[in-house]
Structure formats: C-alpha cells, structure tokens
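One-letter residues, chain by chain:
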Amino acid sequence: MALANMAATAGAATIPLLTPYKMGQFNLSHRYPDTPGIWTKKQVEAWKPIVDAVHEKGFQPNGEAPISCTSKGVTPGLDGVDWSPPRPLRTEEIPLVVNDFRLAARNAIEAGFDGVEIHGANGYLIDQFMKDQVNDRTDQYGGSLENRCRFALEIVEAVANEIGAERVGMRLSPYASYMETGDSNPEALGLYMAKALNKFKLLYLHVIEPRMIKINDKYETVHSLLPMRSAFEGTFISAGGYNRDEGNKAVAESNTDLVAFGRLFLANPDLPKRFGLNAPLNKYNRSTFYIPDPVVGYTDYPFLEVPA
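Keep in mind that this is a model prediction, so the values were computed, not measured.

So, the packing of aromatic side chains
The description of two aromatic rings rests on the distance between their centres and on the angle between their planes.
Link 1 in the chain: Scanning the entire structure with this criterion turns up 3 aromatic pairs.
Link 2 in the chain: Taking the centre distance of 4.3 Å and the plane angle of 35° together, the rings of Phe-129 and Phe-151 count as tilted. Highlighted residues: Phe-129 in helix H3 (residues 125-130) and Phe-151 in helix H4 (residues 145-163), separated in sequence by 22 residues. The residues Phe-129 and Phe-151 share a single accessibility class, namely buried.
Link 3 in the chain: Their ring planes at 70° and their centres at 5.1 Å tell us that Phe-261 and Phe-275 sit as a pair that is edge-to-face.

Written out as structure tokens, the structure is:
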C-alpha cells in the first residue's frame, strides 16, 4: 500500500546557516556527504547567483515569515540552527490552509496512492496548533483543548470528505516535544483526539509511544498509549523504538493492533521475512538518514540470502 504523508512545517530559515537540512535551507557544514560548502573563495562566488535568485524570488509567499499558530520562535541555536521566527496564521487564513490539505489529498489519490496519512505529529504545523506550550492564540483556535484541536479536526474532516475516510489515517505524538512542541497535559490531549477522531471513522490512528520524547532515543516513562488505544474505535498503530519481540508482545497483550517500524524497515527492506525467520537484522546507519543521495542509506541495504 502506498501512502502519501501530508505535513506542513513552519521552521524554514531565510538565510543559509551552518547545519540546516530543514525545508528551504542549505547545508553548509559538510555534516553529510554530497552537501555544499562555503569555506573557499570559489564556493563563495558559486553561491552568489543562488542567493541572488532566492532573494529575488523570496523564500516565503510575499516574503512573509513561515506560518505557525504563534509568533514565538524556536530557541536560537536549537539543533545548531538560528530558526527564522514564524508568523501566526490569521484566523481568516486557516480555511485556506485546510483547503491545501484537501487538495493535497485529492492530488495524492489522482497520482495513484492508496491513501494518505495526515501528519499531526513531530512538531509540524498541526502539532503546533494542538500543543499548549506553543499555541498562544486567543481566537477559536487557541486556549482550550477543544479550540487547540479544532484546526487538526477541520483538516481531517476536509480530507475524509474529499477522498473517503477509508483512505485516511492520522499520526499523532501527544507526548513528544520535538522542536519544543510540548504539552502540559499530553494524556488529556491524546485522549481527546482519539475520541474526537471516532466520528470520522478513519482507516487508522498512528501514535508515537510516550517513551519517544525526543526523535532518536527511548526514555523511561509512566505514561502509556492504552487510554488512547481504548478510546479509539478503529485500527490503532503504535510506533517508537520497537524490536521484533516487543512488537509481538504489544500485539499479543492487546496494547495495540499494529506496530510500525521505521529505522529497522529502512535498513531491512525484507523486514517481514526476517521477522518471520527470526533472522539477523542489518544495522542501520544513522549518518545516512538525511542525505540527498538517492541510493546510499535508502536502497543499498542487502536483502536476506536464504539457502534454496
């Protein structure tokens, strides 16, 4: 099944910085292979027409700041980047963004995808609206839990109406604080969204485990996805640091319906076969996760060789 992942980010910088690889930025540090540098005179001269073209065109529509639910910027220097401060969407602009998601979903189906996953996690735009440590709005999209979730649910409704709820899933990370998008009561947030999504009868709800507070590491926590799993009436998918045995245990104990694997699947294109045989796994190389090479780190991991 091919799923298109739909997200929006508000962290694009308007100038090249030392370690950015987010949308709309240049990587000038040579932190990864095949990335441009800026430490010689020749490189400086090569950058000039690129910079001039960017200035002429503008990074954002009408030269505006990246959009968010707030004007609060990410702490300068986070992840080695001085992020451009965002601007809050005006209330009258929000329906236009909701419509963008609708159009993206329709276009994905026209392109041949089986469905779409609405990305409401990992610090992207929808996540920013839902989290009270980011959202400081005073209109109907800020303040109460219901108001902060309004944007997300309007997108879900628009997308489901456009392509059919049976083609739509949603990803959430209520417990995570990626890019400083945390919430003071993540359990209440997750439970509210799980219940609110039931009316749309989505194909699934995909949630990141509370232990994955940060993007790479697992942390000890007393929190659990069980309240969300119990509240959601459709297929529930858990993600975040699982191995084969942990995944099997979670399903066997009815803690989830399905388990999603990311890094392990990337490094093992035949992961289901390896799991079925309890075979050794390729180790993933984290340094190749975010490089532009179309092969290295993406399609060059070996398949399992099984004797005939």
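Regarding the pattern of salt bridges
Link 1 in the chain: This model, assessed by the stated rule, comprises 11 salt bridges.
Link 2 in the chain: A salt bridge links Arg-102 to Glu-162, with the shortest nitrogen-to-oxygen separation between them at 2.9 Å. One end of the pair, Arg-102, is in helix H2 (residues 94-110); the other, Glu-162, is in helix H4, and 60 residues separate them in sequence.
Link 3 in the chain: Its relative accessible area of 28% is what places Glu-162 among the partly exposed residues.
Link 4 in the chain: Here Asp-127 ties to Lys-131 by a salt bridge, and the two come within 3.2 Å at their closest N and O atoms.
Link 5 in the chain: Relative accessible area serves as the criterion here: at 0%, Lys-131 is assigned to the buried category.
Link 6 in the chain: Look at the salt bridges and you will find they share partners, linking Arg-87, Arg-90, Glu-92 and Glu-93 into a network.

Side note on the nonpolar core
Link 1 in the chain: In terms of nonpolar packing, the biggest core is built from 45 residues, with Ile-126, Phe-151, Val-159, Met-170, Met-193, Leu-197 and Leu-205 touching the most fellow members.
Link 2 in the chain: For this core, the secondary-structure elements that each account for two or more residues are H2, strand E4 (115-120), H3, H4, strand E5 (168-172), helix H5 (186-197), strand E6 (204-208) and helix H6 (226-231).
Link 3 in the chain: A total of 10 residues in this core trace back to one element, the largest contributor, which is H4.
Link 4 in the chain: Not counting the four nearest positions on each side in its chain, Phe-151 is found in contact with Ile-94, Val-97, Val-98, Leu-125, Ile-126, Phe-129 and Tyr-141.

Section: the packing of H2 against H4
Link 1 in the chain: Their axes nearest at 9 Å, the elements H2 and H4 cross at an angle of 35°. Considering how the two elements wind past one another, H2 and H4 form a crossing that is right-handed. For the pair H2 and H4, the contacting residues are Ile-94, Val-97, Val-98, Phe-101, Arg-102, Ala-105, Arg-106 and Ile-109 in the first and Phe-151, Glu-154, Ile-155, Ala-158, Val-159, Glu-162 and Ile-163 in the second.
Link 2 in the chain: The residue makeup of the contact of H2 with H4, split by class, is 11 nonpolar, no polar and 4 charged.

Describing the side chain of Asn-135
Link 1 in the chain: Tracing the backbone shows Asn-135 in the loop between H3 and H4.
Link 2 in the chain: According to the relative accessible area criterion, Asn-135 is buried, its value standing at 6%.
Link 3 in the chain: Within the structure, the side chain of Asn-135 is placed 2.8 Å from the backbone oxygen of Tyr-141, a separation counted as a polar contact.
Link 4 in the chain: The contact partners of Asn-135, leaving out residues within four places of it in the chain, are Cys-69, Gln-128, Phe-129, Tyr-141, Gly-142 and Arg-148.

Some remarks on the side chain of Thr-256
Link 1 in the chain: The topology assignment puts Thr-256 in the loop between helix H7 (244-252) and strand E8 (258-260).
Link 2 in the chain: Among the polar contacts made by the side chain of Thr-256, one reaches the side chain of Ser-238 at a distance of 3.0 Å.

Quick look at H2
Link 1 in the chain: Between the first and last C-alpha of H2 there are 25 Å, a value that for 17 residues agrees with the 24 Å anticipated at 1.5 Å per step.
Link 2 in the chain: Here H2 has its buried residues at Ile-94, Val-97, Val-98, Phe-101, Ala-105 and Ala-108. Projected down its long axis, H2 carries its buried residues within an arc of 105°, all on one side. More than 90 degrees from the buried face of H2, the exposed residues found are Leu-96 and Glu-110.
Link 3 in the chain: Positive backbone phi, at 110°, marks Gly-112, one or two positions downstream of H2.

Analysis parameters
Residues numbered from 1 in each chain as written. Predicted model: local features only at pLDDT ≥ 70, side-chain atom pairs only at ≥ 80, totals over all residues. Heavy atoms only, no water. Phe/Tyr/Trp six-rings, centres within 6.5 Å; stacked < 30°, edge-to-face > 60°. Helix = DSSP H or I, 4+ residues; strand = E, 2+ residues; numbered from the N terminus. Buried < 20%, exposed > 50% of the residue type's maximum accessible area, 1.4 Å probe, protein only. Salt bridge = Lys/Arg side-chain N within 4 Å of Asp/Glu carboxyl O. Core = buried A, V, L, I, M, F, W, Y, C linked by side-chain atoms within 4.5 Å. Contact = heavy atoms within 4.5 Å. Axes fitted to C-alpha atoms, helices over the stretch in contact; angles between N-to-C directions. Left-handed = near helix turned anticlockwise from the far one by under 90°. Nonpolar A, V, L, I, M, F, W, Y, C, P; charged D, E, K, R; others polar. Polar contact = N/O pair within 3.5 Å; in protein donor to acceptor, adjacent residues only side chain to side chain. Expected span 1.5 Å × (residues − 1). Arc of directions from axis to C-beta.

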